Number of protein chains: 2
Amino acid sequence: MLENKKRVYRFGARKAEGDGSKRELLGGKGANLAEMSRLGMPVPAGFTITTECCAEYYELGGGYSEYLKKEVAEALADTEKLMGKKFGDPKDPLLVSCRSGARSSMPGMMDTILNIGLCSATIPGMIEKTGNPRFVYDAYRRLIMMYSDVVMEKAEGIEPADGQGIRQQLDRMMDEVKKAKGYKSDTELSAEELKELCDRFKVKVKEVLGEEFPDTAEAQLWGSIGGVFKSWNGKRAIAYRRIEKIPDDWGTAVNVQSMVFGNMGETSATGVAFSRNPANGDNRFYGEWLINAQGEDVVAGIRTPNPLNDATKTEHNRHLPSLEAAMPDVYKELDEIRTRLENHFHDMQDIEFTIQEGKLWMLQCRIGKRTGLAALQMAMDMLGEGMIDEKTAVLRVSPSQLDEILHPVLDPASEKKATALAVGLPASPGGAVGTIVFTPEEAMAAAARGEKTILLREETSPEDIEGMRAASGILTARGGMTSHAALVARGWGKCCIVGCDALKIDFGKKTVTLGNTTLKAGDWMSLNGAKGLVYGVKIDTMDASENPLFVNFMTIVDKYRRMGIRTNADTPEDALRALKFGAEGIGLFRIEHMFYGKNSEVPLAKLRKMIMSRTDEERKAALDELEPFIKASVKSTLKIMDGKPVVFRLLDPPLHEFVPKSEDKREELARELGISVAEVDKRGENLHEVNPMMGHRGVRLHVTYPLIAETQYRAIFTATAELMKEGFNPIPEIMIPVTISAREIEFQKLHCEKIRLEVEAHEHLSIKYRFGTMIEIPRAALTADRMARTAEFFSFGTNDLTQMTFGFSRDDVGTFMGDYLGNKILDADPFQTIDVKGVGKLVETGVQGGRSKRADLKCGICGEHGGDPDSIMFFNKIGIDYVSCSPFRVPIARLAAAHASINQNR
Amino acid sequence: MLENKKRVYRFGARKAEGDGSKRELLGGKGANLAEMSRLGMPVPAGFTITTECCAEYYELGGGYSEYLKKEVAEALADTEKLMGKKFGDPKDPLLVSCRSGARSSMPGMMDTILNIGLCSATIPGMIEKTGNPRFVYDAYRRLIMMYSDVVMEKAEGIEPADGQGIRQQLDRMMDEVKKAKGYKSDTELSAEELKELCDRFKVKVKEVLGEEFPDTAEAQLWGSIGGVFKSWNGKRAIAYRRIEKIPDDWGTAVNVQSMVFGNMGETSATGVAFSRNPANGDNRFYGEWLINAQGEDVVAGIRTPNPLNDATKTEHNRHLPSLEAAMPDVYKELDEIRTRLENHFHDMQDIEFTIQEGKLWMLQCRIGKRTGLAALQMAMDMLGEGMIDEKTAVLRVSPSQLDEILHPVLDPASEKKATALAVGLPASPGGAVGTIVFTPEEAMAAAARGEKTILLREETSPEDIEGMRAASGILTARGGMTSHAALVARGWGKCCIVGCDALKIDFGKKTVTLGNTTLKAGDWMSLNGAKGLVYGVKIDTMDASENPLFVNFMTIVDKYRRMGIRTNADTPEDALRALKFGAEGIGLFRIEHMFYGKNSEVPLAKLRKMIMSRTDEERKAALDELEPFIKASVKSTLKIMDGKPVVFRLLDPPLHEFVPKSEDKREELARELGISVAEVDKRGENLHEVNPMMGHRGVRLHVTYPLIAETQYRAIFTATAELMKEGFNPIPEIMIPVTISAREIEFQKLHCEKIRLEVEAHEHLSIKYRFGTMIEIPRAALTADRMARTAEFFSFGTNDLTQMTFGFSRDDVGTFMGDYLGNKILDADPFQTIDVKGVGKLVETGVQGGRSKRADLKCGICGEHGGDPDSIMFFNKIGIDYVSCSPFRVPIARLAAAHASINQNR
């Protein structure tokens with residue numbers, strides 16, 4: 001209970017008890033109504049019931065405290081005084097609206113009731129006063145439709161069958177009348193027809209919902225207030241909050257406001273406007289309006305609205321009258337308000353207005369939603385205009401908006417016309433269009449012919465890499481957000497959808513079935529990677545990354561971040577690309593990745609030979625052949641990154657993946673090793689593991705075969721020495737994967753130092769490097785204090801750490817992740833956004849443990865989370881020094897890091 | 001550096017600077033020599049160099065501080081004064097021994113050098129003084145043999161080829177002389193022959209080791225001290241410490257003591273005795289002695305020793321003279337010392353003595369090793385005698401000794417039918433059956449294959465340790481009850497027979513002849529360790545838990561433990577067995593285990609059908625058929641455990657394991673499901689997972705298919721209701737496996753409550769149960785506070801928790817665990833003994849987190865660690881309420897829990 005806390009805040013007549021700072025208490029709409037009123041703008045009088053009353057309402061089991069009743073009565077009296085009418089007055093009744101308003105905008109998710117106060121006692125006086133019976137009955141039928149829907153049906157938790165909602169039933173009744181009369185528009189209905197419809201509406205309401213439609217102003221008002229409170233826990237609202245991560249306990253405020261009418265004839269109107277163009281950011285007033293209409297008509301899209309002004313005209317609406325031309329004075333007043341609002345709020349405003357018999361009324365203002373492109377344009381414009389400072393400009397573009405700018409996407413207009421055949425996991429955003437192929441080879445062949453393809457696979461494996469690169473988009477039936485396909489595609493910034501259960505591929509017939517549709521190789525397919533939508537048609541794409549503002553914006557961004565941004569790159573090409581995107585070093589160079597992709601045939605054969613060796617002699621011979629390839633790859637990367645650190649992670653190959661499958665490769669390997677194919681097969685079988693993710697990998701391999709580690713150390717140190725002699729400044733950092741114990745690191749350091757001394761003696765120079773470890777197994781995080789005695793840096797491998805902490809296999813999680821997200825067991829896919837409570841706690845434990853022994857311990861992140869804005873926020877908070885992500889996500893990580901710093905310092 | 005800390009502690013002439021409480025500083029031997037001296041017993045004078053000097057020795061790179069040199073000189077002077085002789089004196093030289101002595105006894109693992117001080121300068125005076133040149137040269141050849149072996153070879157890290165050790169070479173030289181002369185015993189060698197042998201020995205030493213044998217008393221003394229220090233890091237010592245879990249940094253003390261001689265003729269002797277029988281615990285003085293011999297002769301088992309007294313006589317040695325009969329006065333003095341030592345130390349003592357020309361000298365006393373059976377007998381006897389209190393009695397039997405008691409013996413009925421081929425000394429009781437192996441390596445190889453072996457040796461040496469451990473039983477041709485094999489096997493509770501003269505081994509042919517029977521490697525052999533009987537056939541074994549003392553002892557044990565002991569049981573038979581062993585409930589009933597083993601054919605087919613279902617209808621049908629089987633199994637278990645809690649863990653089947661492999665089973669399943677075999681195969685393939693351990697298992701399955709969980713809830717509640725109606729008191733506890741989030745538990749609780757209400761309504765009664773969760777995934781432990789909001793109990797599944805925390809797949813860890821233990825990266829296998837630093841930290845976090853939200857949260861352990869004594873100690877410390885283990889380990893867990901409580905409260 002709130003006891004004697006203030007529950008109701010009044011506004012109107014250029015004054016208000018609340019103001020724009022009270023969003024938490026008054027909701028966004030209420031706070032802004034108060035603020036506009038204080039700014040002297042024409043706001044119809046009314047009052048806001050605080051969000052705290054929403055909780056109180058639920059606490060009281062759906063009731064109102066005496067305190068609230070008293071305050072509402074007092075505020076209503078004030079409103080009546082300001083408007084010169086009385087609520088429920090038979091002669092000249094005041095009508096009010098009742099609208100929800102949460103702290104954070106939830107457009108279309110919550111409810112509104114208009115025209116409250118119309119009942120058998122007030123209708124005659126209202127008709128007399130307005131002299132417009134048609135207007136009154138139209139208002140009354142709207143009240144019945146909204147109230148029965150919001151208050152009597154939804155708020156009561158009634159769930160009608162599809163199409164049997166009361167609102168739909170009433171709509172159909174009205175349509176039937178219009179049809180019978182041959183009317184095209186609602187406005188053609190006469191007063192008499194509307195009156196009769198209202199009577200029939202009330203009968204229908206009683207019939208369907210079992211309750212009489214309330215016939216006093218008082219009952220309608222309190223019913224509406226309760227309906228708004230209940231709408232907070234409506235299905236739509238809950239679903240929306242889940243998506244937008246809005247806490248359930250915020251509650252909604254209720255705004256009770258005097259009605260003004262845009263539907264009182266040809267000098268009345270209603271409209272919605274943006275202070276700048278929300279699609280492209282142009283600094284021009286932009287909006288739509290309808291004559292003789294109520295607000296909901298514009299939002300609902302029932303009638304095609306008119307353009308606000310010349311600047312808003314398009315080819316679709318240039319024949320329609322603009323407000324600028326139709327009501328120049330009102331337009332001028334509105335345009336002035338637009339300027340004052342922007343100067344006051346320092347941001348683009350989304351406003352709702354009504355014109356009643358030539359007089360402008362402001363019903364709402366709020367910060368307007370916008371596209372990524374518009375966000376960037378507005379941020380830079382407003383910075384230039386001196387309206388905002390640099391930090392604010394940085395915060396004005398969200399990382400997902402930046403992501404949007406950097407990816408080609410399906411053209412929304414074109415996408416709207418198509419119907420999605422299936423939905424999968426949105427593994428890598430952007431849009432892709434191409435013809436269907438079922439094998440990597442076909443994708444490569446098509447690419448060679450300059451054709452775009454979509455590669456369809458059950459799931460992908462490293463052998464598919466070339467084909468994946470060649471395809472425009474990738475679609476798989478299995479796998480989760482961090483499956484092979486997802487990881488690789490995201491790394492390349494290529495559109496990818498995974499775990500699409502509906503996909504039934506017949507590789508023999510080269511067909512794919514999605515629900516009732518069967519497509520064949522060569523048919524067109526389009527993917528919306530941001531939403532996981534699959535289309536069986538060709539949809540246009542658009543590219544938005546060419547914006548010249550981008551570079552300027554990123555320069556400002558970099559001034560405000562604390563964390564460094566590195567990249568995960570395994571090839572010179574990736575390194576170059578990442579440098580272009582602003583990477584300050586390589587946080588993860590996976591030595592085994594040189595065996596994937598093009599030009600890898602020779603080293604891959606050597607690696608296979610090494611893996612399949614049985615004796616130290618065989619292994620040594622294979623490693624000696626492998627070393628020059630590793631050295632060359634290391635050297636070219638260090639050269640590109642001259643003067644910037646490069647973290648080389650020792651080999652962590654999933655051994656069995658490197659066992660050759662094809663006949664000729666097995667024969668080749670048998671020849672190389674001088675053994676039979678049967679022996680090759682036998683050795684391959686021995687490498688099979690039940691749970692390879694928790695098997696003989698990472699440092700475990702190097703503990704068993706120290707030679708493998710030594711070869712890599714030698715390659716790295718030799719490459720470093722050669723570059724030093726050539727005048728470069730290589731900064732190698734060596735990292736041990738999959739460690740679980742400090743002694744593994746000590747053990748490896750001994751081998752590493754031995755090789756360093758050998759190379760130094762041979763090359764006659766002294767080599768500097770850092771020696772560190774991955775923290776990717778829970779035990780490593782738990783024993784980080786010991787680890788930091790030898791390790792000079794930590795890099796948290798949050799992918800594997802998430803796997804082990806959850807016991808979720810990345811490759812298998814697809815079978816149940818959907819159920820976990822769908823049942824709200826998990827709020828987000830932990831492979832996408834760091835799980836703060838579990839994995840995050842381990843990362844924090846690791847950082848603190850490590851720094852307790854080594855105060856200057858450098859801590860980085862090299863999992864997928866290094867490119868995820870929410871995760872970056874957390875990493876910034878716990879003192880991570882840098883994140884490393886795929887080249888394409890570097891700009892996003894830079895922006896997210898800046899946001900994190902700015903927000904944390906506030 | 002120790003600076004001016006005291007380094008040397010003197011003893012002798014019924015006084016001592018140290019005492020029995022200084023084990024850490026003086027080692028066990030040194031502390032007890034000081035204590036015996038203080039007790040007024042005849043101890044040859046000498047001094048102990050502290051264990052701290054061992055570390056100092058290594059710190060100084062193998063050197064001695066000036067402080068140490070000074071203190072040794074002073075202590076030696078005192079010893080000389082007490083013994084009336086001077087070290088290095090040409091006329092009447094003092095000889096000393098130099099022995100190692102760690103805190104904890106390490107029998108045969110470390111080294112001793114006797115007769116130090118004999119050199120060309122002192123030999124003539126010694127001969128003159130003793131008038132016994134044969135004695136002097138025999139002592140000298142022993143010095144050369146021990147010193148060259150311990151100090152000049154082993155301590156220098158020289159690793160000779162097999163059979164080429166200096167000691168073996170010198171042994172062969174002596175054997176050749178004896179053979180040439182036709183001597184059978186060493187004592188037949190004349191003074192002249194020994195003198196010549198000593199000269200040839202010294203030449204050989206120079207030739208083999210490249211150094212002159214030292215010819216001054218001083219050089220010999222310091223060489224010996226260093227040799228003892230170095231022996232601490234000898235291979236044998238390190239291997240022993242690894243097995244016994246003795247820390248590497250304890251170090252050894254060095255005891256320098258005046259020599260007394262048991263080999264000065266027929267009135268001299270040496271012996272080893274136990275104050276009670278170490279094999280069966282009888283309260284009778286027990287021992288062996290040899291006339292005219294030095295101590296090493298008894299221990300080495302070269303000569304068959306005489307019985308100490310009548311009580312010690314067996315059929316093998318009853319013809320030999322007892323000390324009791326041969327030297328009654330000395331025996332009486334020794335027997336009085338035995339009583340005083342037991343009354344002083346309140347425990348069975350293992351003593352070494354020497355009789356020099358009729359005078360008794362005490363060389364050592366220590367707490368004697370014993371078999372499990374003896375430990376139990378002695379604990380209960382001493383408790384009865386009022387020598388110790390109950391808590392001490394409980395601590396006197398270690399969990400591993402109890403394990404030994406519970407280990408099998410030969411089944412008398414089966415043994416009766418066989419004929420013993422030979423009789424040896426019953427060195428360590430119990431029964432062993434296995435195939436014959438002749439080398440430790442073979443024993444280890446067979447153990448790795450899971451095969452049981454009997455290891456046959458002439459006699460064992462410390463180098464055989466690993467193989468001895470791997471064998472099921474040990475049989476030697478030579479040695480007495482205190483030989484190396486006997487001591488080691490007894491320590492482990494492993495069946496062992498020694499001194500079996502009839503055994504003729506041909507190591508070349510790998511055959512063994514016992515009387516007229518010749519067996520070869522791989523043939524079956526059975527040993528009765530309690531009677532010393534050897535059989536050449538395979539005999540059945542049975543367990544020995546029927547001992548009446550056992551029940552009494554366990555009653556006392558249960559008075560002192562805090563933790564409850566439950567069992568992991570999945571069948572009524574297991575439950576019954578565990579009840580017999582004292583289980584207080586079932587901590588883990590795995591519902592899927594009813595599908596393993598006998599009588600599982602029908603339910604297994606139903607389970608397969610359920611797993612391979614595609615639609616809810618198919619699944620529902622299969623579950624309906626499955627439910628009666630689950631209910632029957634649940635009901636019979638609850639009935640057996642009447643009044644005791646039973647934790648039912650929901651199905652956690654590795655899905656793919658239940659996919660039928662054989663043709664007929666696949667056909668059967670296809671028929672059952674009404675689909676084709678090809679479809680069965682396809683569905684099976686869909687269940688394949690890359691990492692099944694982290695796949696769609698445990699609660700994840702129930703999230704996807706709530707029907708599966710509901711069937712189990714219904715079976716459990718129906719079984720409970722039926723038993724209640726039959727007058728039983730069932731206490732079901734329902735446990736959710738593989739949870740990672742509190743919401744999984746909330747979600748399951750909803751389903752569970754729904755079914756409970758249904759069953760209650762149907763059965764017209766009210767059912768009580770507890771609802772809890774496994775904590776077996778790191779995230780569960782990290783978010784335990786939230787879990788405890790719904791979960792009423794936690795059970796830590798430390799097996800899986802270890803897998804995830806380490807990222808070690810149990811199924812695959814074999815490929816590298818050996819490297820991890822061998823390289824000392826891990827001290828112990830974490831699947832055997834809880835990893836306190838990592839997994840243990842998570843368990844503790846889980847307990848604390850859970851109790852922060854629910855103070856009375858019950859916390860149990862149901863992994864393998866629940867039966868491991870070291871782990872139980874840790875669980876007791878962190879406040880675990882109960883452990884659950886396999887039925888056979890219940891008594892061991894009860895004892896370990898009592899030890900933990902008693903030790904923790906001290």
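Calculation rules
In every chain, residue numbers begin from 1 and rise along the written sequence. As a convention, the first chain written is A and the first ligand written is 1, with the rest following in written order. Local features in this predicted model are restricted to residues of pLDDT 70 or higher, and side-chain atom pairs are both shown and tallied only at a pLDDT of 80 or more, whereas totals for entire chains, interfaces and linings draw on every residue. Excluded from the side-chain calculations are hydrogens and water; all other atoms, namely the structure's heavy atoms, are used. Between the N-to-C directions of two axes lies an angle of 0 to 180 degrees, each axis being a line fitted to C-alpha atoms and, for a helix, fitted only over the stretch in contact. Strands here mean DSSP runs of E at least two residues long; helices mean DSSP runs of H or I at least four residues long; both are numbered from the N terminus. Orientation labels follow simple angle bins: below 35 degrees gives roughly parallel, above 145 gives roughly antiparallel, 65 to 115 gives roughly perpendicular, and whatever is left gives oblique. Between two residues, a contact is recorded if the distance between any of their heavy atoms is within 4.5 Å. Polar here means any residue outside two lists: the nonpolar Ala, Val, Leu, Ile, Met, Phe, Trp, Tyr, Cys and Pro, and the charged Asp, Glu, Lys and Arg; Gly therefore counts as polar. Put simply, buried area is the surface a 1.4 Å probe can reach on two separate parts but cannot reach once they are joined, added for both. Think of a salt bridge as a Lys or Arg side-chain nitrogen and an Asp or Glu carboxyl oxygen that are within 4 Å of each other. Strand pairing follows a simple DSSP-based rule, namely that at least 2 bridges must link the two strands. Burial here depends on accessible area, computed with a 1.4 Å probe over protein chains only, as a share of the maximum for the residue type. Under 20% is buried, over 50% is exposed, and the range in between is partly exposed. A clockwise course of the path from the first strand over the helix to the second, judged with the strands pointing away from the viewer, identifies a crossover as right-handed. Expected helix span is given by 1.5 Å per residue-to-residue step, counting one fewer step than there are residues. One fitted axis covers the seven residues ending at a residue, a second covers the seven starting there, and the bend at that residue is the angle between these axes. In the analysis that follows, any N or O atom pair within 3.5 Å is treated as a polar contact, provided that within protein one partner can donate a hydrogen and the other can accept it, and provided that, for residues neighboring in sequence, both atoms belong to side chains. The distinction between a cavity and a pocket rests on a 1 Å grid over the protein atoms alone: a 1.4 Å probe fits inside a cavity but cannot get out, while a pocket stays open yet meets protein on both sides within 12 Å along at least five of seven lines, and a residue with an atom within 4 Å of a point counts as lining. Grid points are joined across faces, edges and corners, and a volume is the space filled by probe spheres set on the points.

Asks: What exactly am I supposed to notice about the packing of helix 5 (residues 133-153) of chain A against helix 6 (residues 166-181) of chain A here?
Replies: Between two packed helices, what matters for the description is the angle formed by their axes and the separation of those axes. Residues and elements named next belong to chain A. Taken N-terminus to C-terminus, the directions of helix 5 and helix 6 make an angle of 160°; their axes are 9 Å apart at the nearest point. In this view, helix 5 runs roughly antiparallel relative to helix 6, as classed from their interaxial angle. On helix 6, the residues that touch Arg141, Ile144, Met145, Met146, Ser148, Asp149 and Glu153 of helix 5 are Ile166, Arg167, Leu170, Asp171 and Met174. Broken down by class, the residue content of the contact of helix 5 with helix 6 amounts to 6 nonpolar, 1 polar and 5 charged.

Asks: Explanation requested: the interface of chain B and chain A in the structure shown.
Replies: The parts lose accessible area when they come together, and the size of an interface is often stated as this lost area. Taken together, the contacts link 47 residues of chain B with 47 residues of chain A. Summed over both sides, the interface between chain B and chain A buries roughly 4400 Å², with carbon and sulfur atoms accounting for 56% of that surface. Joining chain B to chain A, the criterion identifies 4 salt bridges. Of all the secondary structure elements, the ones that give two or more residues to the side of chain B that touches chain A are helix 26 (699-704), helix 28 (742-763), helix 29 (778-782), helix 31 (798-806), helix 32 (814-822) and helix 33 (836-853) of chain B. Of the residues in the side of chain B that touches chain A, the class split is 19 nonpolar, 14 polar and 14 charged.

Asks: Even after reading the chapter, I still don't get the environment of B:Glu584, so can you show me in this structure?
Replies: Along the chain, B:Glu584 turns up in the loop between helix 21 (572-580) and strand 28 (586-590). When sequence neighbours within four positions are dropped, the list of residues in contact with B:Glu584 reads B:Arg561, B:Gly564, B:Ile565, B:Arg566, B:Lys644 and B:Pro645.

Asks: Please explain the sheet that holds strand 23 (residues 517-520) of chain A as it appears in this structure.
Replies: Each strand in a sheet pairs with another by means of backbone hydrogen bonds, the pair being arranged parallel or else antiparallel. Residues and elements named next belong to chain A. Within the open sheet, the 3 strands sit side by side as 21-22-23. Their pairing is antiparallel. The two strands at the open ends of the sheet, each matched to only one other strand, are strand 21 (503-506) and strand 23. For this sheet the average axis-to-axis angle between neighbouring strands, irrespective of direction, equals 20°. Taken together, the 4 bridges between strand 22 (residues 511-514) and strand 23 define a ladder with antiparallel strand orientation. Pairing of Val512 across the sheet is with Leu519, part of strand 23.

Asks: Would you mind showing me how to read the environment of B:Leu39 here?
Replies: Residue and element names in this part refer to chain B. Tracing the backbone through its elements, the reader meets Leu39 in the loop between helix 1 (23-38) and strand 3 (46-49). Accessibility expressed as a relative area gives 23% for Leu39, which makes it partly exposed. Sequence separation of Leu39 and Asn568 is 529 residues, and the distance between their C-alpha atoms is 51 Å. Excluding its chain neighbours within four sequence positions, the residues that come into contact with Leu39 are Arg340, Leu341 and His344.

Asks: Looking at this structure, I do not really get unusual backbone geometry. What am I missing?
Replies: Residues other than glycine predominantly adopt negative phi, and peptide bonds predominantly adopt the trans conformation. The phi dihedral of A:Arg14 falls on the positive side, at around 60°, and the residue is not glycine. Considering the arrangement of structural elements, one finds A:Arg14 in the loop between strand 1 (8-12) and strand 2 (15-16). Even without being glycine, B:Asn292 reaches a positive phi, approximately 50°. Position of B:Asn292 relative to the elements: it lies in the loop between strand 10 (286-291) and helix 10 (295-300).

Asks: Sorry, what's going on with the pairing of strand 19 (residues 473-476) of chain A here?
Replies: Residue and element names in this part refer to chain A. Judged by which residues are buried, strand 19 turns out to be covered on both faces: Gly473 and Leu475 on one side and Ile474 and Thr476 on the other are all buried. Relative to strand 19, strand 18 (residues 453-457) is paired through 4 bridges, and the arrangement is parallel. Counterpart to Leu455 in the pairing with strand 19 is Ile474. For the crossover from strand 18 across helix 18 (residues 465-470) to strand 19, the handedness is right-handed. Direction of pairing for strand 19 relative to strand 20 (residues 495-498): parallel, over a ladder of 3 bridges. Along strand 20, the bridge assignment pairs Ile474 with Cys496.

Asks: In this structure, what is going on with helix 1 (residues 23-38) of chain A? I would like to understand it.
Replies: In an α-helix, one turn spans 3.6 residues, which is why side chains three or four residues apart end up on the same side. Residues and elements named next belong to chain A. End to end, helix 1 covers just 15 Å across 16 residues, shorter than the expected 22 Å (1.5 Å per residue, more than 12% under). Lys29 marks the point of greatest bend in helix 1, at about 80°. Downstream of helix 1 by one or two residues, Gly40 has phi in the positive range, about 85°.

Asks: Would you take a moment to explain the sheet that holds strand 6 (residues 96-102) of chain A for this structure?
Replies: Residues and elements named next belong to chain A. What the 6 strands build is an open sheet, ordered 2-1-3-8-6-7; its pairing is antiparallel. The sheet is open, and its two edges are formed by strand 2 and strand 7 (112-116), each paired on a single side. Pairing analysis gives 4 bridges linking strand 3 (residues 46-49) to strand 8 (residues 252-258), with the strands arranged antiparallel. Each residue of the ladder has a partner; that of Gly46, found in strand 8, is Gln257.

Asks: How should I be thinking about the side chain of B:Ser148 in this particular structure?
Replies: Residue and element names in this part refer to chain B. Structurally, Ser148 can be placed in helix 5 (residues 133-153). Note on Ser148: relative accessible area 0%, which makes it buried. Here Ile144 takes part through its backbone oxygen, which lies 2.7 Å from a polar atom of the side chain of Ser148. With sequence-adjacent residues up to four places away left out, Ser148 is seen in contact with Leu143, Glu153, Ile166, Leu170, Val205 and Leu209.

Asks: Mind showing me how you'd approach the pattern of salt bridges here?
Replies: Where charged atoms from two side chains of opposite charge approach closely, those side chains can pair. In total, this model carries 147 salt bridges over all chains according to the counting rule given. Here B:Arg619 and B:Asp616 are joined by a salt bridge, their closest N and O atoms 3.5 Å apart. With B:Arg619 and B:Asp616 both in helix 23 (residues 616-640) and 3 residues apart, this pair spans about one turn of that helix. Assessed through its relative accessible area of 3%, B:Arg619 is described here as buried. Because the salt bridges share partners, they merge into one network encompassing A:Asp138, A:Arg141, A:Arg142, A:Asp175, A:Lys178 and A:Asp186.

Asks: Would you explain empty space enclosed by the protein in this entry?
Replies: Any space left empty among the atoms is revealed by the rolling of a water-sized probe across them. All names here are of chain B. All chains considered together, the criterion is met by 4 cavities of 30 Å³ or more. Quantified by volume, the largest cavity comes out at close to 60 Å³. If you go around the largest cavity, the residues you meet are Ala605, Arg608, Lys665, Glu668, Leu669 and Glu672. Elements that contribute at least two residues to the lining of the largest cavity include exactly helix 22 (601-611) and helix 24 (663-673). Looking at which element gives the most residues to the lining of the largest cavity, the answer is helix 24, with 4 residues.

So yeah, pure geometry; function would need other evidence.
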